Amino acid sequence: MTGTHTPRAPRLTAAVLLTVAGLTGTAGSQPARPAAQAAALLTVEFPLRAFLINAAAPNRLTLTTPWEEVSAAPQGRPHPARRGYYAQVAPLLLPLRVPGGTPAGRYAAQLRALLFSCGVALQTCAARTVTLPVTLDVQTGGRVWAAPLRITDAGLRGGSLRP
């Protein structure tokens with residue numbers, strides 16, 4: 001992962017592997033031709049232990065790339081004792097489309113997560129914004145790789161408070 005971080009803003013990671021299909025077509029149809037846009041999925045993981053995410057709040061993850069912006073709300077398994085919270089946040093899949101003909105190279109992107117969280121031990125709640133730099137490595141042949149990413153407890157602690 002590229003980018004800088006300060007001791008106050010801990011380094012964050014989330015598991016990311018983007019695979020792009022380079023050809024379209026089906027058996028028995030016309031010959032395959034280059035896709036106008038290649039589709040991929042970005043997976044974001046949440047190995048949280050010290051924080052619970054409020055299930056009713058407007059939580060949002062937004063991935064901004066040079067080509068588009070996509071966003072989604074995280075989901076999860078309800079907490080058995082703390083109603084209205086996720087016991088565990090499920091991995092989130094964000095669709096990503098890389099335009100056909102995109103030259104091979106590295107492209108800067110950013111993941112911004114607005115999460116309404118409560119500390120398990122301290123029981124303090126806040127809306128926090130966590131911003132992660134993402135480097136997309138577009139390879140010849142239609143593959144896109146990005147450094148592994150995770151939204152962690154340390155990331156939420158270091159996230160900026162929403163005004």
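Residues numbered from 1 in each chain as written. Predicted model: local features only at pLDDT ≥ 70, side-chain atom pairs only at ≥ 80, totals over all residues. Heavy atoms only, no water.

In this section: the overall build of the protein chain. Helix and strand counts for the protein chain come out as 1 helix and 14 strands. For the protein chain, buried positions account for 37% of its 163 residues. Carbon together with sulfur atoms contributes 55% to the accessible area of the protein chain, which is approximately 9,400 Å² in total. (Helix = DSSP H or I, 4+ residues; strand = E, 2+ residues; numbered from the N terminus. Buried < 20%, exposed > 50% of the residue type's maximum accessible area, 1.4 Å probe, protein only. Areas by Shrake-Rupley, 256 points an atom, 1.4 Å probe, with all protein chains shown as cover.)

Take the pattern of salt bridges next. For side chains of opposite charge, pairing can occur when their charged atoms come near one another. All told, the structure shown has 1 salt bridge when counted by the stated rule. Note that Glu 45 is salt-bridged to Arg 150, the shortest N-O span being 3.5 Å. Residue Glu 45 is located in the loop between β4 (37–44) and β5 (51–54), and its partner Arg 150 is located in the loop between β13 (143–146) and α1 (153–158); the two are separated by 105 residues in the primary sequence. With relative accessibility at 25%, the residue Glu 45 sits in the partly exposed group. (Salt bridge = Lys/Arg side-chain N within 4 Å of Asp/Glu carboxyl O.)

Turning our attention to the state of the cysteines. Tallied over the entire structure, the rule returns 1 disulfide. Disulfide partner of Cys 118: Cys 125, at an S-S distance of 1.8 Å. As the torsion about the S-S bond is roughly 110°, the Cys 118-Cys 125 disulfide counts as right-handed. By relative accessible area, Cys 118 is classed as buried at 9%. Given a relative accessible area of 52%, Cys 125 falls into the exposed group. (Disulfide = S-S within 2.5 Å.)

Relative to the assigned elements, Pro 91 resides in the loop between β9 (85–89) and β10 (92–99). For Pro 91, a relative accessible area of 55% gives the class exposed. When neighbours within four sequence positions are excluded, Pro 91 is seen to be in contact with Thr 43, Val 44 and Glu 45. (Contact = heavy atoms within 4.5 Å.)

Along the polypeptide, Glu 68 turns up in the loop between β6 (60–64) and β7 (69–72). Looking at Glu 68, the relative accessible area reads 19%, which means it is buried. When near neighbours in sequence (up to four residues on either side) are disregarded, Glu 68 contacts Leu 63, Pro 95, Leu 96 and Arg 97.

With that out of the way, let us pick up the nonpolar core. Membership of the largest hydrophobic core comes to 30 residues, with the highest contact counts inside it found for Val 44, Phe 46, Leu 61, Leu 94, Leu 111 and Ile 151. For this core, the secondary structure elements donating two or more residues are β4, β5, β6, β7, β9, β10, β11 (105–119) and β12 (125–139). (Core = buried A, V, L, I, M, F, W, Y, C linked by side-chain atoms within 4.5 Å.)

This part takes up the confidence of the model for the protein chain. When pLDDT is averaged across the protein chain, the result is 77; 72% of the residues are at 70 or more. A low-confidence stretch, residues 1–36 stays under pLDDT 50, and its non-local contacts, those more than four residues away or across chains, total 77 contacts. (pLDDT = per-residue confidence, 0-100.)

For β5 and β9, the ladder comprises 2 bridges, and the chain directions are antiparallel. Across the sheet, residue Ile 53 finds its bridge partner in β9, namely Tyr 86. In terms of strand pairing, strand β8 (residues 76–78) meets β9 through 3 bridges, oriented antiparallel. From the neighbouring strand, Pro 78 faces β9, where its bridge partner is Tyr 86. (Pairing = 2+ DSSP bridges.)

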